[in-house]
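# Working through the structure, step by step
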Amino acid sequence: MIMTFAAFLGSLELGMIYAVLALGVFLSFRTLNMPDLTVDGSIVTGMAISAVICAGGGNPFLALIGAALGGAAAGLITGLLHTKLKIQAILAGILVMLAAYSVNLRIMGKTPNIPLTKSTTVYKIADGILPPKYAGIVLGLVILIIIIALLYMFLETRLGFVFRATGDNEDMVKACGVSCDNMKLLGLALSNGLVGLAGGLLAQNQAFADINSGTGMMVIGLASVILGEVIFGTKTLMRRLVAASLGAILYRILLAQALYVGMESTDMKLVSAIIVVIALTLGLLGEKSSKLTRFSAKFIKRRVQR
Amino acid sequence: MKNLLEIKDITKVFGEGTVNEKVALNSVSLTLREGDFVTVIGNNGAGKSTLLNCIAGVYAIDKGSIVLDDKDITKLPEHKRARWMGRVFQDPLKGTAFDMTIEENLAIAYYKNRSRGLSPGITSKDRELFREKLSMLEMGLEDKMTQKVKLLSGGQRQALTLFMAAITEPKLLLLDEHTAALDPAAASKVLALTDRCAEDPKLCTLMITHNMKDALKHGNRTILMKDGRIVMDISGEEREQMTVEKLIEKFSIDNDRMLL
């Protein structure tokens, strides 16, 4: 069974949002080479801030900026725990994720769910300008293109160069006169800022914020990044950014398709984990035999197109 | 010549108070003059690398002081000292960012002492300069500037790292057995390049080597370390008379690797 066209458009729309998340995870996981679990908390921080501002009648675009800043703050705290207090990166992320749960609840005024059905959101504004069927996709695409362009420009600056080198080789970065700690702080703030923005968009798109919706978001982001790398390659920097975004979109389509072949929506986390395992394995095979990967990639592409 | 680096009585102890306590440096003093090219030899565990790492700021020292060009750098962190120092490591993987291109690596080193703002990471003017300078290495790297460093051989990487270390003309060039992991042909090529980097413009250089012949052949001064102390410091006439055999006789060096 193949999904309907409307469902396909729905996955595209969501995919644009998850692409922002994937770019955030790309920054920490690939560029800094650091597994950052803050994501599961900072995405809800973004949702919460975005929802509270929208529900209070505030400007939904300002709400998105607030969401990004909230996420960045969470990332900065993880970075400080890791660099200044020397806590392992993965543990620092878990600690902030845990703490963020309480903070997010406070932001949301101690209610686990904020509905936005009656509030103005960026998606409702877009619906008023463009044909509603495509408005969400166009809006998401515009935001995504702006972010990719800004990120690309940043990563091609002098600062961006050393930032990228930090994940490759800390000794070399220090020998070139740059503090690795500062680069990590910057990277984690930037990464979680994007994650928070994705959360803010998500809350406005689905018209509610839920305190429990962060679980597994880091895995989803990672799955998108790896899926993108396996299928679209890693040759140039721009290619890597676009690959992570396309990976996220493809991932949404795969999930939607899984629903159509009869999987329960409650099984989605299991499906997510399985997709990550498959994507990781394909990456591994890619190192051993690019031929096999090309075949697998073609196979997946064909499945998606069908 | 003016004194450039003054190391006074530095001591470094690892694992102090434990059964594994090891005095890596035992009040070592060393003064380098401008333009000195000093080779450092000694057995494994003699404290050669520790000395270099203490100068570079990788380890904080327990006692003593380090003054570079009249500035006390004893308490400065590694990345702040780096502006006056170029370093090449023993491990060819350590000196470059492997997933970035040759020109990107060069640009990172080239902008070491300038602001790391949001101006373009590399300009076409930089590219021209890099191409011109790389062609002097005669390794064909100038035609591979957009290739990722992970595709280079160990010798090419060490040459590139050396080049990156010297490109900003630092006050001090620190080489930690930078040819030890290379095959003999690549090692001699990198050593020849080292001589050129240290000569023009004249950089004060400290080179650790396992090879006594190289130690006497390169540079103008040789020191020998043993058990965390400098036990020999020769230059000029005395150094010219010195041979590998005399060194072995005098200091009962027991490492076969050093004889080659």
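Quick summary incoming for the structure in this document. Fair warning: this is a prediction, and the values are worked out from it, not measured in the lab.

## Let's talk about a nonpolar patch on the surface
All names here are of chain A. Nonpolar side chains collect at one region of the surface, where F5, F61, I125, I129, L130, Y134, V138, V142, I146, L150 and M153 lie side by side and expose about 1000 Å² of accessible area between them. Of all the elements in the fold, those that place two or more residues in the nonpolar patch are helix 5 (122–129) and helix 6 (132–155). Of the residues forming the nonpolar patch, the biggest block, six residues, is contributed by helix 6. Here I146 lies in helix 6.

## A short note on the interface of chain A and chain B
Each side of the interface is counted separately: chain A has 22 residues, and chain B has 32 residues. Between chain A and chain B lies a buried interface of about 2300 Å² when both sides are counted; carbon and sulfur atoms form 59% of it. On the chain A side of the interface with chain B, the three residues burying the most area are R158, F161 and D168 of chain A, jointly 32% of the side's total. In this structure, K174 of chain A and E78 of chain B form a salt bridge, with 3.8 Å as the shortest nitrogen-oxygen distance. Across the chain A-chain B interface, the total number found is 12 residue pairs in polar contact (both at pLDDT 80 or more). Secondary-structure elements contributing two or more residues to the side of chain A that touches chain B are helix 7 (158–168) and helix 8 (170–175) of chain A. In terms of residues, the side of chain A that touches chain B owes the most to one element, helix 7 of chain A, which gives seven residues. The residue inventory of the side of chain A that touches chain B, partitioned by class, reads nine nonpolar, five polar and eight charged.

## Quick notes on the sheet that holds strand 8 (residues 204–208) of chain B
All names here are of chain B. Judged by pairing direction, the sheet is mixed, and its six strands sit side by side in the order 6-7-8-3-9-10 without closing on themselves. Two strands bound the open sheet, and with one partner strand each, they are strand 6 (85–88) and strand 10 (229–235). Shown here is a sheet whose adjacent strand axes are inclined to one another by a mean of 15 degrees, direction ignored. In the sheet, strand 6 pairs with strand 7 (residues 172–176) via four bridges, with the strands oriented parallel. Of the residues in strand 7, the one forming a bridge with G86 is L173. Relative to the sheet, helix 1 (residues 48–56) contacts strand 3 (37–42), strand 6, strand 7, strand 8 and strand 9 (221–226), its axis offset from that of strand 7 by approximately 145 degrees.

## With respect to the pattern of salt bridges
Overall, the coordinates contain 18 salt bridges over all chains when judged by the stated rule. Between K8 of chain B and E6 of chain B there is a salt bridge, with the nearest N and O atoms lying 3.7 Å from each other. By relative accessible area, K8 of chain B is classed as partly exposed at 44%. Salt-bridge contacts for K171 of chain B lead to D69 of chain B; the nearest nitrogen and oxygen are separated by 3.2 Å. In this pair, K171 of chain B is assigned in the loop between helix 5 (154–166) and strand 7 and D69 of chain B in the loop between strand 4 (63–68) and strand 5 (71–72), connecting sequence segments 102 residues apart. Residue classification places K171 of chain B among the partly exposed residues on the basis of a relative accessible area of 31%. Take D69 of chain B: its relative accessible area is 23%, and that puts it in the partly exposed class. Linked through salt bridges whose partners overlap, the residues forming this network are R30, E229 and R240 of chain A together with D99, K148 and K150 of chain B.

Cut-offs applied
- Residues numbered from 1 in each chain as written.
- Chains lettered and ligands numbered in written order.
- Predicted model: local features only at pLDDT ≥ 70, side-chain atom pairs only at ≥ 80, totals over all residues.
- Heavy atoms only, no water.
- Patch = residues over 30% accessible without salt bridge, like charges linked within 9 Å, V, L, I, M, F, W, Y side chains within 5 Å.
- Areas by Shrake-Rupley, 256 points an atom, 1.4 Å probe, with all protein chains shown as cover.
- Salt bridge = Lys/Arg side-chain N within 4 Å of Asp/Glu carboxyl O.
- Helix = DSSP H or I, 4+ residues; strand = E, 2+ residues; numbered from the N terminus.
- Contact = heavy atoms within 4.5 Å.
- Buried area = accessible area lost by both parts, 1.4 Å probe.
- Polar contact = N/O pair within 3.5 Å; in protein donor to acceptor, adjacent residues only side chain to side chain.
- Nonpolar A, V, L, I, M, F, W, Y, C, P; charged D, E, K, R; others polar.
- Pairing = 2+ DSSP bridges.
- Axes fitted to C-alpha atoms, helices over the stretch in contact; angles between N-to-C directions.
- Buried < 20%, exposed > 50% of the residue type's maximum accessible area, 1.4 Å probe, protein only.

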